[in-house]
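Here is how the chains run, residue by residue.
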Amino acid sequence: MKPFPRAEISSRALKANLARLREIAPGSKVMAVVKANGYGHGLLNVAQVVSDADGFGLARLEEALEVRAGGVKARLLLLEGFFRSEDLPLLVEHDIDTVVHHMSQLEMLESVSLSTPVTVWLKIDSGMHRLGFHPQEFAEVYQRLNANPNVAKPVHLMTHFSCADEPQKTVTATQMARFNELVEGLPGDRTLANSAGVLYWPDSQADWIRPGIALYGVSPVAGDHGTNHGLEPAMALVSQLIAVREHKAGESVGYGGYWTSSRDTRLGVVAIGYGDGYPRNAPEGTPVFINGRRVPIVGRVSMDMLTVDLGPDATDKVGDSAMLWGPALPVEEVAEQIGTIAYELVTKLTPRVAVCLD
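Residues numbered from 1 in each chain as written. Predicted model: local features only at pLDDT ≥ 70, side-chain atom pairs only at ≥ 80, totals over all residues. Heavy atoms only, no water.

Colleague: Could you give an account of the side chain of Gln-175, naming the residues involved and the relevant values?
Modeller: Note on placement: Gln-175 falls in helix H8 (residues 171-183). At a separation of 2.9 Å, a polar atom in the side chain of Gln-175 contacts the main-chain carbonyl oxygen of His-160. Those residues in contact with Gln-175 that sit more than four places away from it in its chain are Ser-126, Gly-127, Met-128, Thr-159, His-160, Phe-161, Ser-162 and Cys-163. (Helix = DSSP H or I, 4+ residues; strand = E, 2+ residues; numbered from the N terminus. Polar contact = N/O pair within 3.5 Å; in protein donor to acceptor, adjacent residues only side chain to side chain. Contact = heavy atoms within 4.5 Å.)

Below, the structure written as structure tokens:
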């Protein structure tokens, strides 16, 4: 018997999305971003299904070590770099690349003695103003890295976009120009494009692309869907009805009597709530897909369940499947209704939700 609630992960969709991203950026290698537990899809699930990606981007050393232990041989890159000098021998042992974005990391690299040089991606702050060296620091840092025997040569080069998911803004073009001016004529690979860069800024694709949310079939741009780019949703979040109840006009439901029905109807109770990672602030009207149609959430989402208005003529029954998002109900649409982004929905699922790979 299948558990519920569960996140059903389509290996076919993941593979199809990787192939589609290669079509969109035919001149680039793919650094598939699998941080945050593979964007909620299961870290090893994703890394093993798309093991033919050219590399994988991760946020934490622990994630990279888990991927290596899972048998993945592809290139691994720590997108936030290492945090302690003691981490550096582990990078050598497990053949893990690192971003260097801060002077403290440069100083740690200069203070240790490693058996084998580490592959470094020097991050330039071209306008994100979060991580990376300022353009005026670049020449000095680049020279010091090249002079360091602990650093493999050539040094690779990267930046990160702040507004690529807002294609109407010119910020991304400015960032690209700033980066390209700094690195012109230098050896090493380059990577600029996140998912939004891949889909909306083809001039940013360079040697490597770093698709995150797009790999999972989701668009990074508000009002857009991954399917518009030939991508397929890789996750379906499903549960089931655990009660169907007759409900009279004028009666409320749930904590605080937040919603009162204007008609006689039938309510369905779905076994999922904020204890599973479904947002408590989902407003009345947020859709749930049941038996081929969308029905609205009514009342407050509680820890373990939520309530939907099935309609007065409903024939739904206990045990029927309920999809919170998936191929029939795009996560981008649900996120917009709730007032958040799809990234947050797929990554915040709690361990109570079984992740099932097909």
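Colleague: Describe a nonpolar patch on the surface, and please don't skip the residues or the numbers.
Modeller: A surface patch of nonpolar side chains, about 440 Å² in accessible area, is lined by Met-1, Phe-4, Ile-242 and Met-305. Here Met-1 is to be found in the segment before strand S1 (6-9). (Patch = residues over 30% accessible without salt bridge, like charges linked within 9 Å, V, L, I, M, F, W, Y side chains within 5 Å. Areas by Shrake-Rupley, 256 points an atom, 1.4 Å probe, with all protein chains shown as cover. Salt bridge = Lys/Arg side-chain N within 4 Å of Asp/Glu carboxyl O.)

Colleague: So, the pairing of strand S17 (residues 321-325): which residues are in play, and what are the values?
Modeller: The side chains of a regular strand alternate, residue by residue, between the two faces of the sheet. Burial analysis of S17 places four of its five residues in the buried class, which makes it a mostly covered element. Two elements, strand S10 (residues 235-247) and S17, share four bridges in a ladder whose sense is antiparallel. By the bridge assignment for S17, Val-238 is matched with Met-323. Bridge count for strand S14 (residues 287-290) against S17 is two bridges, and the pairing is antiparallel. Looking at the pairing, Ile-290 lines up with Ala-322 of S17. (Buried < 20%, exposed > 50% of the residue type's maximum accessible area, 1.4 Å probe, protein only. Pairing = 2+ DSSP bridges.)

Colleague: Can you lay out the pattern of salt bridges for me, pointing to particular residues and giving the numbers?
Modeller: Applying the stated rule across the entire model yields 18 salt bridges. Glu-23 serves as the salt-bridge partner of Arg-20, at 3.0 Å between the closest nitrogen and oxygen. Of the two residues, Arg-20 and Glu-23 are both situated in helix H1 (residues 11-24); the distance of three residues between them amounts to about one turn of the helix. Where Arg-144 meets Glu-110, a salt bridge forms, and the shortest distance between an N and an O atom there is 2.7 Å. On the criterion of sequence distance, the pair formed by Arg-144 in helix H7 (residues 135-147) and Glu-110 in helix H6 (residues 103-111) is long-range, its members being 34 residues apart. The class of Arg-144 is partly exposed, set by a relative accessible area of 25%.

Colleague: Can you tell me about unusual backbone geometry, naming the residues and giving the values?
Modeller: Put simply, Phe-4 and Pro-5 share a cis peptide bond, and its omega is -10°. Checked against the element boundaries, Pro-5 lands in the segment before S1. Residue Lys-153 is joined to Pro-154 through a cis peptide bond whose omega torsion reads 0°. If you trace the backbone, Pro-154 turns up in the loop between H7 and strand S7 (156-158). Even without glycine at this site, His-129 takes up a positive phi of about 60°. Positionally, His-129 belongs in the loop between strand S6 (120-123) and H7.

Colleague: I'd love a proper account of the layout of surface pockets, names of residues and values included.
Modeller: Put simply, the largest pocket is a space of about 610 Å³. Along the wall of the largest pocket there are 27 residues; nearest its centre are Lys-35, Tyr-39, Arg-130, His-160 and Asn-194. A per-element tally of the lining of the largest pocket places helix H2 (residues 35-39) first, with three residues. Split by residue class, the lining of the largest pocket holds 16 nonpolar, five polar and six charged. In this structure, the second largest pocket spans a volume of roughly 230 Å³. Lining of the second largest pocket is provided by 15 residues; of these, Val-221, Ala-222, Gly-223, Ile-341 and Ala-342 occupy positions nearest its centre. Elements with a minimum of two residues in the lining of the second largest pocket: helix H10 (331-338) and helix H11 (342-347). Residue contributions to the lining of the second largest pocket peak at three residues, all from H10. (1 Å grid on protein atoms, 1.4 Å probe; cavity = no way out; pocket = protein on both sides within 12 Å on 5 of 7 lines; lining within 4 Å. Points joined across faces, edges and corners; volume = space filled by probe spheres on them. Nonpolar A, V, L, I, M, F, W, Y, C, P; charged D, E, K, R; others polar.)

Colleague: Account for the environment of Met-235, with residues named and values stated.
Modeller: Counting through the fold element by element, Met-235 comes out in strand S10. Overall, Met-235 belongs to the buried group, its relative accessible area being 5%. Measuring from C-alpha to C-alpha, the distance between Met-235 and Pro-330 comes to 9.8 Å, with 95 residues separating the pair along the chain. Contacts of Met-235, omitting those with residues within four sequence positions, involve Ala-7, Glu-8, Ile-9, Tyr-39, Gly-40, His-41, Trp-325, Gly-326, Pro-327, Val-346 and Leu-349.

Colleague: I'd love a proper account of H1, names of residues and values included.
Modeller: If you check H1, its first and last C-alpha atoms are 20 Å apart, about what 14 residues at 1.5 Å a residue would give, namely 20 Å. Taken residue by residue, H1 has Ser-11, Ala-13, Leu-14, Asn-17, Leu-18 and Leu-21 as its buried positions. Down the axis of H1, the buried set is contained in an arc of 165°. They therefore lie on one face. Opposite its buried face, H1 presents the exposed residues Arg-12, Lys-15 and Glu-23, each directed more than 90 degrees away. Of the surrounding secondary structure, the elements contacted by the buried residues of H1 are S1, strand S2 (29-33), helix H3 (43-49), helix H9 (195-200), strand S9 (208-209) and strand S18 (354-357). (Expected span 1.5 Å × (residues − 1). Arc of directions from axis to C-beta.)

Fair warning: the whole summary comes from geometry, so function is off the table for now.
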